[in-house]
Amino acid sequence: MEKQKNAVGRRKEAVARVYLSKGTGNITVNDKEYKAYFPIMYLQNQVELPLKTIDVQTSFDLVINVQGGGPKGQAEAIKMGIARVLCEVNPEYRPALKKEGLMTRDSRSVERKKFGKAKARRSFQFSKR
């Protein structure tokens, strides 16, 4: 791999642009170390999952720009972006990543609010009198 590779991951309203290059395993999210950006252990594990699946934690450096959504959506968008960029580097990684469910985009998102309702489906409180 001579050049830097990149891919995009999406989840809910979050969009993550992942740039991968040869390195020592540094992961930077929005100019911060990923453990500082995601203080919750579960979200850190989500970010590391594609690298652990194919056992390349110390082979690549990742620079990630993510915006939109909340922490969980951002972490899962990053997870998908990393999986996609790893497949771009080496297509042999794809079966292992696909088996873990990392290559499938989770299309679930928040349902829109309807008029005449308090939320998407919840009605206003009914008053008999």
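In this report, we go over the structure that sits alongside the text. Quick caveat, the model's predicted, so the values are computed rather than measured. (Residues numbered from 1 in each chain as written. Predicted model: local features only at pLDDT ≥ 70, side-chain atom pairs only at ≥ 80, totals over all residues. Heavy atoms only, no water.)

Digging into the environment of Glu92
With respect to the helices, strands and loops of the structure, Glu92 is situated in the loop between helix 3 (71-89) and helix 4 (94-99). When its relative accessible area of 67% is taken as the criterion, Glu92 is described as exposed. (Helix = DSSP H or I, 4+ residues; strand = E, 2+ residues; numbered from the N terminus. Buried < 20%, exposed > 50% of the residue type's maximum accessible area, 1.4 Å probe, protein only.)

Quick notes on the nonpolar core
Core analysis: the largest hydrophobic core is formed by 30 residues, its most contacted members being Ile64, Ile78, Ile82, Leu86 and Leu97. Listed by contribution, the elements that provide at least two residues to this core are strand 2 (14-22), strand 3 (27-29), helix 2 (41-53), strand 5 (60-67) and helix 3. A total of eight residues in this core trace back to one element, the largest contributor, which is helix 3. Non-local contacts of Leu97, meaning those with residues more than four positions away in its chain, are made with Pro50, Thr53, Ile54, Ala83, Leu86, Cys87, Leu102 and Met103. (Core = buried A, V, L, I, M, F, W, Y, C linked by side-chain atoms within 4.5 Å. Contact = heavy atoms within 4.5 Å.)

Digging into the sheet that holds strand 2
Here five strands make up an open sheet; going across it, the order is 1-2-5-3-4 and the pairing mixed. Where the open sheet ends on each side, the last strands, each with one partner, are strand 1 (5-11) and strand 4 (32-33). Taken together, the two bridges between strand 3 and strand 4 define a ladder with antiparallel strand orientation. Each bridged residue has a counterpart across the sheet, and for Thr28 the counterpart in strand 4 is Glu33. Here helix 3 sits on the sheet and contacts strand 1, strand 2, strand 3 and strand 5; the angle it forms with strand 1, its principal contact strand, is near 145 degrees. (Pairing = 2+ DSSP bridges. Axes fitted to C-alpha atoms, helices over the stretch in contact; angles between N-to-C directions.)

Considering the environment of Glu48
You can see Glu48 is positioned in helix 2. As a C-alpha pair, Glu48 and Ala77 span 29 residues in sequence and 12 Å in three-dimensional space. Beyond its immediate stretch of four places on either side in the chain, Glu48 contacts Tyr34 and Lys35.

Comments concerning helix 3
Between its terminal C-alpha atoms helix 3 stretches 27 Å, which fits the 27 Å expected from 19 residues at 1.5 Å a residue. Of all 19 residues making up helix 3, 14 are buried, and the element is well covered by its neighbours. (Expected span 1.5 Å × (residues − 1).)

Focus: helix 2
An ideal rise of 1.5 Å per residue puts 18 Å on 13 residues; helix 2 measures up with 17 Å between its terminal C-alpha atoms. Taken as a whole, helix 2 carries its principal kink of about 40 degrees at Val47; the proline Pro50 stands between one and four residues after it. In the core, the buried residues of helix 2 are packed alongside strand 3, helix 1 (34-37), strand 5, helix 3 and helix 4. Note on helix 2: the residue one or two positions beyond its end, Asp55, has a positive phi of about 60 degrees. (Bend = angle between axes of the 7 residues up to and from the residue.)

A short note on the side chain of Arg11
Looking at where Arg11 falls in the secondary structure, it is placed in strand 1. Once you skip the residues sitting within four places of it in the chain, Arg11 turns out to touch Gly73, Glu76, Ala77, Arg105, Asp106 and Arg108.

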